[in-house]
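Next come the chains, spelled out residue by residue.
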Amino acid sequence: MGSKPVIDGTAETWAPAVGEHLNWIRDVLKGPALPARRRDELWSDLRTVQRRADDPELRIAVFGEASSGKSTLLNAILRRRLLPSSALVTTTLTTALRYHDGSEGLRLRTADETELSWPSAAFGDWADGAHILSADSLEAALEQVLTTDLALLVRDLEVRSPVRLLGDGVAILDTPGFSVTDPGHRELAEAAVGLADLAVVVVPAVAPMSMTLTDFLTGPLRNHLDRCVFVITKIDLIDEDERCGTIEFVGDRLRAMGIADPLLLPCAPGKALEEIGGSADGVRTAAEHRGHLSDFRTVERRLLRLAMERRESAIAATVLTLLSRLLAAVEESADAQRAEYHCAERALAALSLPDFTGFLDTWARRALDKVNAGAEYAATSTAARSERSELDDKVVAAVAGDKIDDIREAASEVSRIVRLHLWQEAERPACAAAGRASELLAAEAEDLARDFATQYGTLAGLAGESPSAPMVPVTDLELPGMELSGIDEALTAVGAELTSVDNWRTGGGAAAGAVIGSMIAPGIGTVIGGALGAFVGKRGRDTARTQFLQKARPLIAAAHSEVTALRSASLQLISQSVGDSVAAVQQKYKAEFGDEIVRLSLANERRRAALVFDITAAEQTAADARHRREQVAVLRRGTSVPL
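What you are looking at is a predicted structure, and each value in this text was computed from that prediction instead of being measured.

**Comments concerning unusual backbone geometry**
Residues apart from glycine generally show negative phi values, whereas peptide bonds are mostly found in trans. Residue P119 follows W118 across a cis peptide bond; omega there is 5 degrees. As for its placement among the helices and strands, P119 is situated in the loop between β4 (115-118) and α4 (121-129). Phi is positive for E113, close to 70 degrees, though the residue is something other than glycine. Of note, E113 is situated in the loop between β3 (105-110) and β4. The backbone of M209 sits at a positive phi, close to 55 degrees, despite the residue not being glycine. Here M209 shows up in the loop between β7 (198-204) and α7 (211-218). Judged by its relative accessible area of 5%, M209 falls in the buried class.

So this is what it looks like as structure tokens:
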């Protein structure tokens, strides 16, 4: 930053400090302590502060509501009705008014970065392209730019005037009225606050201290109230005996906002312009020394004196305010970076995937418990109710009445009933259990795939890699069907024991029954038919039926017991198959991703170590920025000279 002319001694105090703070911020922005996405913004802010610190121009911003008399005040300073009424202005644009020796004109920059000036042929072509008539005077050119469709195309506007305004090296910033109903106006007024060294706030005497004005003073201007001058306009529009009361009212309201000794400058810019009359060149006449014009000149001289006497402190205040904001942004960014690091560390700590074996084992335990419980419930809920009594009723019905007379037919029917019933008794629960186990196992495999993909993406992202979805391995989860061949073997053994009883052997009857049984149902049919065929010999129906049932019921009971045992064995087989499938899933995941998870875990361990360093650096940067901001606040108070 270049050397500054010392007017009141403040440059020797604030200039070196500002330079040192800017150098510190520059070093911070070059380091890793701040998020990359904020660096561009902060670099831009840094350049703004640097340019302002290097620029000795004093900037006086004029603020006021629409219809407050702001445009009239500026026209009185310009000694002509140059600026259009705010009621006509359509642009949301801050206009800079600057002194230019010997000539007047406009300089503007369009939205497409084209720079134009008036008067010039390029300006005429630009205006003509928007179907605007050529401007033959500064008033006409300015009105075109501010009140027509051209306003939508302009980004920056400067008015050059041969009137010395408030002195050499002074720029007056005409801000849009900060009415809350005008989109963009308030935002531009707020932006101008940060660029202003001295703020002239226009307060209309006819409607002093409105809610909109109060809101603006306690909002955007709350940190700049010590640099505010309050010009009370339209004083001529209220009765003379009410003027002192109005001024006192404004002062009381401002003091209530915390301004200990507000500077109030009442005037009537409109009347001053009338007294100037048709003097367009700004040459003073004798009328300037009379009435409202004289009062206005007093206000103008006071503003000029304030501007010149406090140039250095005002510029210092602006630079230090901008610097304070920049340091606050650095502090905020550092805090955000620290929070981001802590969040990443918590996210990494929350992952179970780095312990890949533990991650898969946890899933396996959960899957086995859920699948086995579901399969058992399906088998239990599907098992037939009152199975033994139901079968006994069917057997009794098969030999009821004269059916026992045809022992072959009765034996065949009993063989068929027993085989069908016992087969269903074994098959239905087992198939239900196997089906439910397959469904649950597939669902658990899908849950594993989703959980793995989510954690894998997070782990890869935390390691700084692209968190693309992994190709989850496809696993065959089909369970084996129910093995029921043991039923025939069990019933064959029971039947063999039954037919070995000598009392029931009657020769060919047993052989015939066995043949019939084997024709109807192999296995079970052979045994039951052979055992029951011994009743072929002629006996009484009741005796034959009784003996038949006495011999059949133990056989059926034994078969029931065998089927129950085989069903339990089948469920155990399903559970074993589920365990094998779960183990196969684990093995496939380990084979395909084991090395990758180890690599990412090691990368994240290194990342966590770096996080510790980065968090420490961010915390130190935030603390340094906070401390420097406190230093700047002290320096800011030291350079502030009461108005």
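**Comments concerning the environment of C267**
As for its position among the elements, C267 is in the loop between β9 (263-266) and α9 (269-276). Residue class for C267 comes out buried when judged on its relative accessible area of 1%. Measuring from C-alpha to C-alpha, the distance between C267 and T233 comes to 5.3 Å, with 34 residues separating the pair along the chain. Beyond its immediate sequence surroundings of up to four residues, C267 is in contact with V231, I232, T233, K234, I235, F296 and V299.

**A look at the packing of aromatic side chains**
In this structure the tally under the stated criterion is 10 aromatic pairs. A centroid spacing of 6.4 Å and a plane angle of 35 degrees characterise the contact between Y589 and F593, whose relative ring orientation is tilted. Residue Y589 and its partner F593 are both found in helix α18 (residues 541-639); the two are separated by 4 residues, about one turn of the helix. Both residues of the pair, Y589 and F593, belong to the buried class. Each residue in the set F356, F359, F452, Y456, Y589 and F593 is aromatic and connected to the rest through ring pairs, giving one cluster.

**A look at the layout of surface pockets**
Space inside the largest pocket adds up to approximately 1,200 Å³. Together, 34 residues line the largest pocket, and R51, R59, R109, D156 and L195 are the ones closest to its centre. At the level of elements, α2 (36-54), β2 (95-99), β3, β4, β5 (154-161), α6 (185-193) and α11 (311-350) are the ones that each hand at least two residues to the lining of the largest pocket. The class makeup of the residues in the lining of the largest pocket is 14 nonpolar, 6 polar and 14 charged.

**Observations regarding the packing of helix α12 (residues 356-382) against helix α14 (residues 407-462)**
Between two packed helices, the angle of one axis relative to the other and the distance separating the axes together describe the packing. At a minimum axis separation of 8 Å, α12 and α14 run at an interaxial angle of 155 degrees. Compared by their axis directions, α12 and α14 come out roughly antiparallel. Between α12 and α14 lies a crossing whose hand is right-handed. Grouping the constituent residues of the contact of α12 with α14 by class yields 18 nonpolar, 3 polar and 6 charged.

**Digging into the nonpolar core**
Judged by nonpolar contacts, the single largest core of 48 residues is most densely connected at L106 and L157. Examining the composition of this core, we find that 6 residues originate from one element, helix α10 (residues 291-309), more than from any other. Leaving out residues up to four positions away in the same chain, L157 has contacts with L93, T94, T95, A96, L106, R107, L108, L142, V145 and L146. With 36 residues, the next largest nonpolar core counts Y341, L353, A433 and I615 among its residues.

**Details of the pairing of strand β1 (residues 58-63)**
Burial runs high along β1: 6 of the 6 residues are buried. With burial as the criterion, each face of β1 is covered, one bearing L58, I60 and V62 and the other bearing R59, A61 and F63. Direction of pairing for β1 relative to strand β6 (residues 170-174): parallel, over a ladder of 5 bridges. Opposite A61, over in β6, you have L173 as the bridge partner. Examined bridge by bridge, β1 and β7 share 4 bridges and lie parallel to one another.

**Topic: α12**
With 27 residues, α12 should reach 39 Å at 1.5 Å per residue; the first-to-last C-alpha distance of 39 Å fits that figure. Considered for burial, the residues of α12 that qualify are F356, G358, F359, L360, W363, A364, A367, V371, G374, A375, A378 and A379.

**Here's the deal with the pattern of salt bridges**
It is possible for side chains bearing opposite charge to pair when their charged atoms get close. Tallied over the full model, the rule gives 25 salt bridges. Its salt-bridge partner being R255, residue D252 comes within 2.9 Å of it at the nearest N-O pair. With D252 and R255 both in helix α8 (residues 240-256), this residue pair falls 3 residues apart, about one helical turn. A residue is classified by how much of its surface remains accessible, and R255, at 39% relative accessible area, is partly exposed. Two residues, E465 and R599, come together in a salt bridge whose shortest N-O distance is 2.7 Å. One end of the pair, E465, is in the loop between α14 and α15 (485-499); the other, R599, is in helix α18, with 134 residues separating them in the sequence. For R599, a relative accessible area of 36% corresponds to the partly exposed category.

**Let's talk about the environment of F452**
As for its placement among the helices and strands, F452 is situated in helix α14. Separated by 93 residues in sequence, F452 and F359 have C-alpha atoms that sit 8.9 Å apart.

**So, the pairing of β6**
Across the 5 residues of β6, 5 count as buried, placing the element largely inside the fold. The alternating pattern of β6 places V170, I172 and D174 and A171 and L173 on opposite faces, both of which are buried. For β2 and β6, the ladder comprises 4 bridges, and the chain directions are antiparallel. Across the sheet, the residue bridging to L97 is I172, located in β6.

**Regarding the sheet that holds β4**
Where strands meet in a sheet, backbone hydrogen bonds hold them as pairs that are either parallel or antiparallel. Read across the sheet, 9 strands follow the order β4-β3-β5-β2-β6-β1-β7-β8-β9 without closing on themselves; strand pairing throughout is mixed. The open sheet has two edge strands, β4 and β9, and neither has a second partner. Direction aside, the axes of adjacent strands within the sheet are offset by 20 degrees on average. Where α8 meets the sheet, it contacts β7, β8 (228-233) and β9, and its direction lies at approximately 155 degrees from that of β9.

**Side note on a negative patch on the surface**
A contiguous patch of negative charge on the surface is contributed by D239, E240, D241 and E242. Relative to the elements of secondary structure, E240 occurs in helix α8.

**Quick notes on the packing of helix α3 (residues 70-78) against α9**
Where α3 contacts α9, the axes come no closer than 8 Å and their chain directions differ by 35 degrees. Where α3 crosses over α9, the handedness of that crossing is left-handed. Contacts from T72, L73, N75 and A76 in α3 reach P269, G270 and L273 in α9. Looking at side-chain class alone, the contact of α3 with α9 contains 4 nonpolar, 3 polar and no charged residues.

What counts, and where the lines are drawn
- Each chain carries its own residue numbering, running from 1 in the written order of its sequence.
- Per-residue local features are limited, in this predicted model, to residues with pLDDT of at least 70; the limit for side-chain atom pairs, both in listing and counting, is 80 or more; totals at the level of whole chains, interfaces and linings are taken over all residues.
- For side-chain calculations, the full set of non-hydrogen atoms in the structure is used, while hydrogens and water are omitted.
- Think of it this way: any DSSP run of H or I at least four residues long counts as a helix, any run of E at least two long counts as a strand, and we number them from the N terminus.
- Relative accessible area decides the class of each residue, using a 1.4 Å probe on protein chains only: under 20% of the type maximum gives buried, over 50% gives exposed, and in between gives partly exposed.
- Working rule for contacts: check all heavy atoms of both residues, and any pair within 4.5 Å makes them a contact.
- For Phe, Tyr and Trp, where Trp contributes only its six-membered ring, two rings pair if their centres lie within 6.5 Å, and the inter-plane angle classes them as stacked under 30 degrees, edge-to-face over 60, or tilted in between.
- Buriedness for pockets is judged along seven lines, at least five of which must meet protein on both sides within 12 Å for an open set on the 1 Å grid over protein atoms alone, while cavities are sets there where a 1.4 Å probe fits but cannot get out, and lining residues have an atom within 4 Å of a point.
- Grid points are joined across faces, edges and corners, and a volume is the space filled by probe spheres set on the points.
- Charged residues are taken to be Asp, Glu, Lys and Arg, nonpolar residues to be Ala, Val, Leu, Ile, Met, Phe, Trp, Tyr, Cys and Pro, and polar residues to be all remaining types, Gly included.
- In this analysis an axis means a line fitted to C-alpha atoms, helices contributing only their contacting stretch, and an angle means the value between N-to-C directions, from 0 to 180 degrees.
- Convention used here: angles under 35 degrees read as roughly parallel, angles over 145 as roughly antiparallel, angles from 65 to 115 as roughly perpendicular, and any remaining angle as oblique.
- Crossing chirality is assigned from the near helix's rotation relative to the far helix, an anticlockwise turn below a right angle marking it left-handed and a clockwise turn marking it right-handed.
- To form a nonpolar core, buried Ala, Val, Leu, Ile, Met, Phe, Trp, Tyr and Cys residues must be joined to one another through side-chain atoms within 4.5 Å.
- For two strands to pair, DSSP has to find at least two bridges joining them.
- The span one expects for a helix is its residue count, reduced by one, times 1.5 Å.
- Salt bridges are identified by distance alone: a Lys or Arg side-chain nitrogen within 4 Å of an Asp or Glu carboxyl oxygen.
- Patch members must show over 30% relative accessible area and no salt bridge, and they are joined within 9 Å when carrying like charges or within 5 Å when they are nonpolar side chains of Val, Leu, Ile, Met, Phe, Trp or Tyr.
- Each accessible area is a Shrake-Rupley result for a 1.4 Å probe, and residues are judged covered by the shown protein chains and nothing else.
- Residues scored as charged are limited to Lys and Arg (positive) and Asp and Glu (negative), so that His and the chain ends carry no count.
- Where a charge sits is defined by one atom per residue type, namely NZ (Lys), CZ (Arg), CG (Asp) or CD (Glu).

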